[in-house]
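Breakdown of the fold
Single-letter residue listing:
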Amino acid sequence: MRLYESAWVLIEGQEQPVQVSRDRSNAAVFNVGDWQYDIDARPFKTNPDAPKLVKILSLQAAREAGLRQDYNKDITIGI
């Protein structure tokens, strides 16, 4: 399983999907909820007790669940 920016994943023991985001300070780290993972969905060395990621939702499954892809969440537009 390979993580990517703005993917939605299912975490072991949780019912609701969580969106993936890249860490701002380290591009090799993906933030998923309160935990960090590497690109291969393994817990990052700073939090080895992170729960297992069990599934990446397809784009279609995310849309059908009403989840939105938030690609540009760090961009603010001034008026």
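How each quantity is defined
- Residues numbered from 1 in each chain as written.
- Predicted model: local features only at pLDDT ≥ 70, side-chain atom pairs only at ≥ 80, totals over all residues.
- Heavy atoms only, no water.
- Helix = DSSP H or I, 4+ residues; strand = E, 2+ residues; numbered from the N terminus.
- Areas by Shrake-Rupley, 256 points an atom, 1.4 Å probe, with all protein chains shown as cover.
- Buried < 20%, exposed > 50% of the residue type's maximum accessible area, 1.4 Å probe, protein only.
- Pairing = 2+ DSSP bridges.
- Lys, Arg positive; Asp, Glu negative; His and termini not counted.
- Salt bridge = Lys/Arg side-chain N within 4 Å of Asp/Glu carboxyl O.
- Polar contact = N/O pair within 3.5 Å; in protein donor to acceptor, adjacent residues only side chain to side chain.
- Contact = heavy atoms within 4.5 Å.

Within the chain, the secondary structure is distributed over one helix and five strands. Its helices and strands taken in sequence order, the chain reads β-β-β-β-β-α from the N to the C terminus. When the accessible area of the chain is evaluated, it comes to approximately 5,500 Å², of which 50% is carbon and sulfur surface.

Across the five residues of strand E2 (residues 18–22), four count as buried, placing the element largely inside the fold. Across two bridges, strand E1 (residues 8–11) lies against E2 in antiparallel orientation. Bridging across to E2, Val9 finds its partner in Val18. Pairing between E2 and strand E3 (residues 30–32): three bridges, direction antiparallel. If you follow Arg22 over to E3, its bridge partner there is Phe30.

We now examine the side chain of Asp23. Counting through the fold element by element, Asp23 comes out in the loop between E2 and E3. Notably, Asp23 is buried but unbridged: the nearest opposite-charge side chain belongs to Arg24, and the N-O separation is 8.4 Å. Within polar-contact distance, the side chain of Asp23 engages the side chain of Ser25 at 2.6 Å. Reaching out from Asp23, the side chain makes a polar contact with the side chain of Gln36 at a distance of 3.2 Å. The contacts of Asp23, once residues within four sequence positions are left out, are Val29, Asn31 and Gln36.

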